[in-house]
Amino acid sequence: MIENRRHNTSNANRLQGILGDFTETYHCYRQEYSILSALVMVGWDGLCTIGFSLKTVSIWRFGMFRNFLHTANRILKRNKRFSALNLGGLAVGLGCVILLMLYIDSEMKFDRYHEQADRIYRVGAHIQIGDMDIIQGSSNAHMAPYLAEHYPEIQAAGRIRRFSNATVKVADETYQENRFYYADPALLNIFTWPLIQGDAETALSAPFSIVLCRSVAMKYFGSERAVGRQVVMGDNTIYQVTGVMADVPFYSTTECEALISFSTLVDQVGAQAALLTDWTSFNFQTYVLLHPGADEVALDRRIEGILHEKEGARLRAKGATETLLLQPLRDIYLRPLGQSTGPMTYVRVFSAVAALILMMACFNFMNLTTARAVTRAREVGVRKTLGASRKGLIVQFLSEAIFLSAVSGAIALLLVQLALPVIQQLTQRPLALDFSGMPWLIPMLLGLVLITGILAGAYPALLLSRYQPGQVLRGRSRSGAQGGQIRRVLVFLQFVISTGLLIATGVIVMQLNYLQKKDQGFNKEHVMICSLTSPATRRAIPVLKNAFLSSGEVLSVSAASTIPGWGAPTNDKWPEGFTRAEMQLMAEVNMDEDVVKTLGLTLLAGEGFSARGEGSNHESVIINEAAAEAFGWKQAVGKIIRTPDYTKRGAWINKRVVGVVKNFHLRAVSQAIRPLFMVCDPELPFSWGDWDRLLVRLPAGDQSQHLQRLKKIWHTVLPGERFNTRFLDETFDRQFRRIARTRNLFSYFAAMAMVVAAIGLLGMATYSTAQRRKEIGIRKVMGSGVSRLVYALSRELLIVVIAANALAWPVAFVFIRRWLAAFPYHMEMTLWPFFIGGAAVLLLSWLTIASQTVKAALANPIKALMVE
Amino acid sequence: MLTRAEELILLAVWRLGEAAYSVKLRDLLKTLTGKSWSFGAVYMPLERLEKRGLIVSTMADPTAERGGRAKRIYTLTALGHKALADIRRIQDAAWEGLPQPVVGFHE
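Residues numbered from 1 in each chain as written. Chains lettered and ligands numbered in written order. Predicted model: local features only at pLDDT ≥ 70, side-chain atom pairs only at ≥ 80, totals over all residues.

Focus: the interface of chain B and chain A
Item 1. Contacts between the two partners involve 19 residues from chain B, matched on the other side by 24 residues from chain A.
Item 2. Contributing elements (two or more residues each) for the side of chain B that touches chain A: helix 2 (22–33), helix 3 (39–51) and strand 1 (55–59) of chain B.
Item 3. Here the side of chain B that touches chain A gets five residues from one element, more than from any other, and that element is helix 3 of chain B.
Item 4. Looking at the side of chain B that touches chain A, its residues break down into eight nonpolar, six polar and five charged. (Contact = placed C-beta atoms within 7 Å. Helix = DSSP H or I, 4+ residues; strand = E, 2+ residues; numbered from the N terminus. Nonpolar A, V, L, I, M, F, W, Y, C, P; charged D, E, K, R; others polar.)

A word on the environment of A:Asp300
Residues and elements named next belong to chain A.
Item 1. Turning to its location among the elements, Asp-300 is positioned in helix 10 (residues 296–303).
Item 2. As a C-alpha pair, Asp-300 and Leu-326 span 26 residues in sequence and 5.7 Å in three-dimensional space.
Item 3. Dropping the residues within four chain positions of it, Asp-300 is found in contact with Leu-325 and Leu-326.

What about the sheet that holds strand 24 (residues 725–727) of chain A?
Residues and elements named next belong to chain A.
Item 1. With antiparallel pairing, the four strands of this open sheet are ordered in space as 15-23-14-24. What marks the edges here is a single partner per strand, and that holds for strand 15 (556–560) and strand 24. Put simply, the sheet's adjacent strands are angled 25 degrees from each other on average, direction ignored.
Item 2. By the bridge criterion, five bridges tie strand 15 to strand 23 (residues 693–697) in an arrangement that is antiparallel. What sits directly across from Ala-560, in strand 23, is Arg-693.
Item 3. Sheet strands in contact with helix 24 (residues 728–771) are strand 14 (527–531) and strand 24, and its direction is about 65 degrees off that of strand 24. (Pairing = 2+ DSSP bridges. Axes fitted to C-alpha atoms, helices over the stretch in contact; angles between N-to-C directions.)

Considering the pairing of strand 9 (residues 230–233) of chain A
Residues and elements named next belong to chain A.
Item 1. Across the two faces of strand 9 the burial differs, with Val-231 and Met-233 buried and Gln-230 and Val-232 not buried at all.
Item 2. Where strand 4 (residues 166–170) and strand 9 come together, two bridges link them in antiparallel fashion. Directly across from Lys-169, in strand 9, lies its bridge partner Val-232.
Item 3. In this sheet, strand 10 (residues 237–245) lies alongside strand 9 in antiparallel orientation, the contact comprising four bridges. (Buried ≥ 20, exposed ≤ 12 C-beta atoms within 10 Å, placed from the backbone.)

What about the domain arrangement of chain A?
Residue and element names in this part refer to chain A.
Item 1. One can read the domain layout of chain A as domain 1 (138–294) and domain 2 (527–734).
Item 2. On a C-alpha basis, the centroid separation for the pair domain 1 and domain 2 is 30 Å.
Item 3. Each side of the interface is counted separately: domain 1 has 10 residues, and domain 2 has 12 residues.
Item 4. Sorting the residues of the side of domain 1 that touches domain 2 by element identifies strand 4, strand 5 (173–177) and helix 9 (274–277) as the ones contributing at least two each.
Item 5. Taken together, the residues of the side of domain 1 that touches domain 2 sort by class into four nonpolar, five polar and one charged. (Domains from an automatic or database assignment.)

Considering the packing of helix 13 (residues 343–371) of chain A against helix 16 (residues 441–464) of chain A
Residue and element names in this part refer to chain A.
Item 1. Packing of helix 13 against helix 16 leaves a shortest axis separation of 9 Å and a crossing angle of 25 degrees. Compared by their axis directions, helix 13 and helix 16 come out roughly parallel. With respect to the hand of their crossing, helix 13 and helix 16 are arranged in right-handed fashion. Between helix 13, through Cys-362, Phe-365, Met-366, Thr-369 and Thr-370, and helix 16, the contact on the second element is made entirely by Thr-452, Leu-455, Ala-456, Tyr-459, Pro-460 and Leu-463.
Item 2. Of the residues assigned to the contact of helix 13 with helix 16, the class counts are eight nonpolar, three polar and no charged. (Parallel < 35°, antiparallel > 145°, perpendicular 65-115°, else oblique. Left-handed = near helix turned anticlockwise from the far one by under 90°.)

Below, the structure is given as structure tokens:
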């Protein structure tokens, strides 16, 4: 065991040891005490440790610094509560900032693991047809070879295409895989996807070669050597394992588990297939690696017109403009093409929240420190009398503030360590205080502490050092009035921030809830999705459907090419009454005749597809309201829409509209509903919307029994095939998880911001009440009642809160309107979040102040007046 | 010469053997002296002892209760053993022939 240990006394190890000690001690305390007491005890341990360690550092041997430390120490001890508020507020603030930084870092990390990430670009396309304007990240099959050949600044180019729903047989086991990709060999040179076994140059050359990720190889073959083995996929096609690749890191937008050679796809669909030859069919992700120093802006401009060069006549004929574009790899996750919101939006929001929390924590610190200036006026007087220079005093106060912020920083680190499990749960990310993996972390923390210390210390340092010894020693303190103005401004700003954050939180939560509750236009409950992965299962659709229906276990069954929530490809359509140059784009799905019943869609006009056995369905189409509206059709049923014949280039097929359905969300609810073209055609070719799943509507109630019986039926119809099912509501709920995570994260940090603000306010209330003890005493002696006293003491702060609301509302309104405008469907803007946010801040601040003022007002006036 | 704290810690490291890391050391010192020790009071002497070559530290495997962080385990070096033996010898020599101090009633 000893041999395994690393022999190391580096600082990182030291820090790791210390953080580990505190975590362990915390868990130890937790076994006996509540979370709060355990936290306090660990915090106290931390303070003692910092105190002890600082005492032994040699810098304090120098007189001046030792004196400062003594003073700081005494001041901390003299008023423990005040110090706890001051340090605690800053520590909570810094802790929030560190956590937010970790989260933001994890967002920015996507795809940065590629060593050449800065030179990798994805080829996308901008398509404009009629009113449709689509920007997306896929391109045609020609792009990679064409670009690599004709553009010298491109070092390598490769295509990738997802192979979803793969059924893999290894020995006797069957596995269901969803993250397999067809890939060009060049991709292994572009991406940092190192091979552990096999040769990167040849692994993806031959058809039916497959490169497995390490964990997948382990799953299939255990610890045996995978290269040279075989796996079986689809209709008994044998694939040769030619390589094993390191697992793709967590922070990767392409969550790949295996790569299949691109030549396999060519072999499967035929080199002449439209999928591979059509310049305007965008079914591949193309990644290019530029030579170092290449000008990507110039390249972007040069590739723009390639499609019009190749297919100009066709594009002009349908009135389309299609241009190519380059998207940097590092933007793929952060700024999804064609979407107005994306992770970058939230990165900005969270950065702003971090900055605001840091500002509030700093304001607190400044406020509390300056507030105490009065009590330290004498100290300044004495020091000056004894010959201290103004510069020396500035250094003293600044170093005191930096010292305190460093202590807070250390406590913050501890709080972060303890809060990490919660945040990991919340974000579903492996966040960690990883000092060796994030070399910027330690300098950043030191910088944060230093800046906070300087910001917080500057004002008191400049103010206090200006005192004239004669005046302050005679007992005339001027600071009250002077500092008071600035303090009031800071408290005011704090309230503006916290009110604004609270309102924004309210609106964000409401909008995200709105999306979650929005009528989807279909009934997602009790719909089972049954994957048909192999050609054999697809051939069995009519038999399966009959067997399921006649069993009486199901209400309705439909074959489908996609499911709501996943979206569908958009294709050219030529509706009646339009010229050839006014081609329209519509999302195309292929569903069988029972789809209206199975999905619970609402037919607004027409009859829909005819029932089984009456075979005119392949000439019919159902459209949605959005389509009827886009084409300006009042009476849509009976109109003709022409659609390209996918088997014959340049040929068109007429489809008659037989129904108009109410709009439903085929894509994520955060995206707009596009015109829909719903056909019912069992003959559509592979990858052009063929049926690859069954949607099964089950009766309400216990689903597991139905599932069991359906499984039995499946196995009698298709012995040896895997029965692979999911439920539509679960799949659908997945898209909300990200939304929910963002919402929760935002609410947590808004709450923390409120805590920071409350801590500051409590400090201020404590201070100002203490200042006015005599006044209260006199008022009371003169006959003032408790409620009047409380009012007199709270009035000023309440005025500040109300003024803050007056500024926070319009500012929040502007930001919120902009944020909401990015969603095609958003809630009605109401004033409720404003009222609630404002009222909550008012209530919280009043309670905080009241805790102090009521106490002061109830106290015996003699006690206050006796002292002097 | 070692300070009292260093001496106690050196002994504690020896006594705990494989389990000699800061949390356990602190617990042991607490039971031995009946007073609470801050981590700083443990770390600082440990650092000095390590610098003087009386002990060496190694990083053990991380555990879950420590939030996935490794323990830093201390072991006595030959020099450390010699130092302990010296202390024992000097203590014994100094006590030689003296009666036990009286612990008991005070007026």
